[in-house]
Amino acid sequence: MRQRLGFAWEGIAAAWRNERSFRIQTIFALALPVALLLLRVSAVWWALCLIIALLVLAAELFNTALESLIDHLHPEIHPAIGTAKDCAAGAVLLLSAGAVIVGVIVVLVALGVLS
């Protein structure tokens, strides 16, 4: 188990070193608890926000893994490879957009605009 955790941590560290977008998303995820404390939202909103933040980070890790593997196995440009990379990036974009929407809703709830 310890070895498996080490492998997982190495993957996260590699994404941190090599992927600017992962670093930015991680910083937002780390700032999230502070924002949630300031907004004083319920535990349900905490759970939803933390889950979607972790989903964004996980999607970025999958995207990074896919890109690394593809680049290693087939470094030449190919339309099918471009499509695979674009689809993985699209998944990250969709989850990021969802995170923004959840964030806006949380702020609106905290301000009393939505209940």
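Residues numbered from 1 in each chain as written. Predicted model: local features only at pLDDT ≥ 70, side-chain atom pairs only at ≥ 80, totals over all residues. Heavy atoms only, no water.

### With respect to the side chain of E60
Threshold: Secondary structure elements follow DSSP: runs of H or I of four or more residues count as helices, runs of E of two or more count as strands, with numbering from the N terminus. With a 1.4 Å probe rolled over the protein chains alone, any residue whose accessible area is under 20% of its type maximum counts as buried; one over 50% counts as exposed, and the rest are partly exposed. For the purpose of counting charges, residues Lys and Arg are taken to be positive, whereas Asp and Glu are taken to be negative. His and the chain ends are not included. Salt bridge criterion: a side-chain nitrogen from Lys or Arg within 4 Å of a carboxyl oxygen from Asp or Glu. Residues are treated as being in contact if the distance between any of their heavy atoms lies within 4.5 Å.
You can see E60 is positioned in helix α3 (residues 43–73). Buried and without a salt bridge, E60 has R23 as its closest oppositely charged side chain, separated by 10 Å. When near neighbours in sequence (up to four residues on either side) are disregarded, E60 contacts E19, S21, F22, Q25 and V92.

### Quick word on unusual backbone geometry
Look at R40: it is not a glycine, yet its phi comes out positive at around 55°. Tracing the backbone through its elements, the reader meets R40 in the loop between α2 (20–39) and α3. A residue is classified by how much of its surface remains accessible, and R40, at 75% relative accessible area, is exposed.

### Looking at the nonpolar core
Short version of the rule: To qualify as a nonpolar core, a set must consist of buried Ala, Val, Leu, Ile, Met, Phe, Trp, Tyr and Cys residues joined through side-chain atoms within 4.5 Å.
Counting residues in hydrophobic clusters, the biggest one holds twelve residues: A15, F22, A29, L32, L36, V41, C49, I52, A53, L57, V102 and V106. Secondary structure elements with two or more residues in this core: α2, α3 and α4 (79–110). When residues no more than four places from it in sequence are discounted, the contact partners of A15 are F22 and L61.

### As for the packing of α2 against α3
Stated precisely, the cut-off is as follows: Only C-alpha atoms enter the line fits that serve as axes; for helices the fit covers just the stretch in contact. Angles between N-to-C directions range over 0 to 180 degrees. Working definition: roughly parallel below 35 degrees, roughly antiparallel above 145 degrees, roughly perpendicular at 65 to 115 degrees, and oblique for all remaining angles. Under the scheme applied, nonpolar residues are Ala, Val, Leu, Ile, Met, Phe, Trp, Tyr, Cys and Pro; charged residues are Asp, Glu, Lys and Arg; polar residues are all the others, including Gly.
Between α2 and α3, the shortest axis-to-axis distance is 10 Å and the interhelical angle comes to 175°. The pairing of α2 with α3 is recorded here as roughly antiparallel in orientation. Each of S21, F22, Q25, T26, A29, L32, P33, L36 and L37 in α2 lies in contact with α3, whose residues at this interface are W46, C49, L50, A53, V56, L57, E60 and L61. Split by residue class, the contact of α2 with α3 holds 13 nonpolar, three polar and one charged.

### Comments concerning the layout of surface pockets
Applied cut-off: The pocket and cavity definitions rest on a 1 Å grid over protein atoms only: a 1.4 Å probe that fits but cannot leave marks a cavity, an open set with protein on both sides within 12 Å along at least five of seven lines marks a pocket, and residues lining either have an atom within 4 Å of a point. Grid points are joined across faces, edges and corners, and a volume is the space filled by probe spheres set on the points.
In this structure, the largest pocket encloses a volume near 450 Å³. Lining the largest pocket we find 19 residues, and of these F28, L32, A53, A99 and V100 sit closest to its centre. Each residue belonging to the lining of the largest pocket can be placed in one class, and the counts come to 16 nonpolar, three polar and no charged.

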